[in-house]
Amino acid sequence: MRNKVTKAIFPVAGLGTRFLPATKSVPKEIMTLVDRPLVQYAIDEAREAGIKEFIFVTSRGKGALEDYFDHSPNLEQELRKKGKDDLLATLQDTNMDSGAIAYIRQHKALGLGHAVWCARRLIGNEPFAVMLPDDVIAAEKPCLKQMIEAYEETGGNMVAAMEVAPEKTSSYGVLDVKEDMGSVVSVNGMVEKPKAEDAPSNLAVIGRYVLAPSVLRNLNEMKQGAGGEIQLTDAIAQDIAQDTPVYGYRFKGQRFDCGSKAGFLQATVAFALAREELREDLMEYITDITQVSRAAE
Ligand code: UTP
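Here is a short report on the structure shown in this document.

Conventions used here
- Residues numbered from 1 in each chain as written.
- Predicted model: local features only at pLDDT ≥ 70, side-chain atom pairs only at ≥ 80, totals over all residues.
- Heavy atoms only, no water.
- Salt bridge = Lys/Arg side-chain N within 4 Å of Asp/Glu carboxyl O.
- Helix = DSSP H or I, 4+ residues; strand = E, 2+ residues; numbered from the N terminus.
- Buried < 20%, exposed > 50% of the residue type's maximum accessible area, 1.4 Å probe, protein only.
- Pairing = 2+ DSSP bridges.

1. Regarding the pattern of salt bridges
The full count for this structure, using the stated rule, is 17 salt bridges. Across the pair E163 and R250 runs a salt bridge, and its minimum N-O distance is 3.3 Å. On the criterion of sequence distance, the pair formed by E163 in strand β8 (residues 157–163) and R250 in strand β12 (residues 246–250) is long-range, its members being 87 residues apart. Assessed through its relative accessible area of 45%, E163 is described here as partly exposed. Because the salt bridges share partners, they merge into one network encompassing D35, R275 and E277.

Next comes the structure, spelled out in structure tokens:
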């Protein structure tokens, strides 16, 4: 019987430079899609996948993130007094059980691999998930749940994968596919941010992982990879040579890259259109402005 995956690491220690000046004082993960911060979408997805322990790797200036998951007695009392039960219920999602959430500091932004390694003592010797909150995935069955179900069959390491255009491979870790079995592909290796001509496939890794604890041991060696950063994909790929297989998982759903402005705006529109109370007004507005811009062409 495989160990259940009950712990997830959320690396949120990056500088978020693409959203400066906003991220000078607001952590990227607190930026909102409609009325919920990016991190809430990630937490909801993790909960639905059976995660019980939430480990955030943070850095200086991420205080708002810690406050977000704290209880807010004054606000709750005010809402109760005013009989605003619906808003009180909304706040419930932001509350964490005592001891269910932990914060670890990454003192220097040395890369995603290093951020994950910072949480090693809280993981111990069991499989774990890694979720990047700036990848938001709209899916009928939450992406991490799909992956954990597949992982229960395969074991090893599993990374979320999606097809990208050849000119986009240089923004991702890319899979060198050994065998394509449909939703699951087995992997010979992974290349971090290859140019289109060097990419072994067009299957790119995005921000959901189910990993074996051996990846943390690989990270102990701390080799710098692409861009001088300590890369998580390198530590995962190293497992293949050590006989722990790596699989890519073609998830069902739509992924938004909310770490980029264009992706964030697209997600805002998509999530707003999915909300009944906003859909009609927003559709009307979008139709109006597209007509105006077409007329201007
Ligand atoms: P990104 O590459 O998106 O970097 O990191 P970033 O700093 O967040 O954003 P930009 O590029 O400057 O705008 C991917 C994920 O890895 C985390 C980030 O917080 C983000 O969730 N990360 C990255 C760390 O936690 N530590 C690092 O050293 C690097």
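2. A closer look at the pairing of strand β11 (residues 203–211)
β11 sits mainly inside the fold: nine of its nine residues count as buried. Sheet topology note: the strand β6 (residues 128–131)/β11 ladder contains four bridges and is antiparallel. Bridge pairing links F128 to L211 in β11. Alignment of β8 against β11, held across six bridges, turns out to be antiparallel. Directly across from M158, in β11, lies its bridge partner V210. When strand β9 (residues 173–180) meets β11, the two strands line up antiparallel, connected through two bridges. If you follow V174 over to β11, its bridge partner there is A204.

3. What about unusual backbone geometry?
Residue P21 is bonded to the preceding L20 through a cis peptide linkage, with omega at 5 degrees. Note that P21 resides in the loop between β1 (7–11) and β2 (32–33). Positive phi values are uncommon outside glycine, yet V34 reaches one of about 65 degrees. With respect to the helices and strands, V34 occurs in the loop between β2 and β3 (36–37). We note that D243 has phi near 70 degrees; this positive angle belongs to a residue other than glycine. By the secondary structure assignment, D243 is in the loop between α9 (232–241) and β12.

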